[in-house]
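The primary structure of each chain is shown beneath.
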Amino acid sequence: AQKVTQAQTEISVVEKEDVTLDCVYETRDTTYYLFWYKQPPSGELVFLIRRNSFDEQNEISGRYSWNFQKSTSSFNFTITASQVVDSAVYFCAPIPGGNQFYFGTGTSLTVIP
Amino acid sequence: KAGVTQTPRYLIKTRGQQVTLSCSPISGHRSVSWYQQTPGQGLQFLFEYFSETQRNKGNFPGRFSGRQFSNSRSEMNVSTLELGDSALYLCASTQTRKSAGELFFGEGSRLTVL
């Protein structure tokens, strides 16, 4: 089974600050995918990124970047120059290849204007 | 393209009652999964259906059940409601069976049990 730990329950930052959301996962699978989802106040989760466990290249997409380190089972997410619209709950989820996602309790991010 | 639609959006029930929630996936999506979200437990997987068959099931009691119809629409049912069943129930759809693909979520059905 998969398990994910997002140790930061709640984070508050002032607008334009950078913020990193931590994600540590456990899995017995050798091949798996890692996801990040964002849940704004409206409720629906929105897909942000998917990474294959074979690909440890970091990725940048606009203000978002992801640091994947297989050796430490971490898949951290950084938002640069945060904005109020980034306020949401963020979930990291590892899955072995099916459609059964193991989410944790997530990290609630508040960006203060 | 219409998104995932969940009905009802809000509902209030009393202990002992039963409830049925509905989910219409994105057109063409055949996999539907359900999640329960509570403040204490986070987002937990309930079950997943593909082509009318339950493929995976989370660690929930038998009071929680579901089904999927031939048009991929899905329902989940909770019988003998308990106070702890109060939660946001989210439905997600994706296109294939084992794509490890992006899930598309609905806005959820918020259930309050009194």
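Residues numbered from 1 in each chain as written. Chains lettered and ligands numbered in written order. Predicted model: local features only at pLDDT ≥ 70, side-chain atom pairs only at ≥ 80, totals over all residues. Heavy atoms only, no water.

Trainee: Just to check I follow, could you spell out the sheet that holds strand S10 (residues 88-95) of chain A for this structure?
Mentor: Residues and elements named next belong to chain A. Strand order in the open sheet made by the five strands is S2-S11-S10-S5-S6, with mixed pairing throughout. Looking at strand neighbours, the two that pair on one side only are strand S2 (10-14) and strand S6 (46-52), the edges of this open sheet. On average, each strand axis in the sheet is tilted by 20 degrees relative to the strand beside it, whichever way the strands run. (Pairing = 2+ DSSP bridges. Helix = DSSP H or I, 4+ residues; strand = E, 2+ residues; numbered from the N terminus. Axes fitted to C-alpha atoms, helices over the stretch in contact; angles between N-to-C directions.)

Trainee: Help me understand unusual backbone geometry in this model?
Mentor: The bulk of non-glycine residues show a negative phi, and the bulk of peptide bonds are trans. All names here are of chain B. Omega for the peptide link from Thr7 to Pro8 comes to -10 degrees, which places this bond in the cis form. In this fold, Pro8 is placed in the loop between strand S1 (5-7) and strand S2 (10-13). Although it is not a glycine, Glu52 sits at a positive phi angle of roughly 70 degrees. One non-glycine residue, Ser72, lies in positive phi territory at about 75 degrees. Within the secondary structure layout, Ser72 lies in the loop between strand S7 (64-68) and strand S8 (74-78). A relative accessible area of 12% places Ser72 in the buried class. (Buried < 20%, exposed > 50% of the residue type's maximum accessible area, 1.4 Å probe, protein only.)

Trainee: What is the right way to look at the environment of Glu107 of chain B in this model?
Mentor: Locating Glu107 of chain B in the fold gives a position in the loop between strand S10 (104-105) and strand S11 (109-113). Judged by its relative accessible area of 35%, Glu107 of chain B is partly exposed. Remark: the alpha-carbon pair of Glu107 of chain B and Glu48 of chain B, spanning 59 residues in sequence, is separated by 18 Å. Excluding anything up to four places from it in sequence, Glu107 of chain B contacts Ser42, Gly43 and Glu44 of chain A together with Gln6, Arg9, Leu88 and Leu90 of chain B. In this structure the side chain of Glu107 of chain B is engaged in a polar contact, spanning 3.0 Å, whose partner is the side chain of Arg9 of chain B. (Contact = heavy atoms within 4.5 Å. Polar contact = N/O pair within 3.5 Å; in protein donor to acceptor, adjacent residues only side chain to side chain.)

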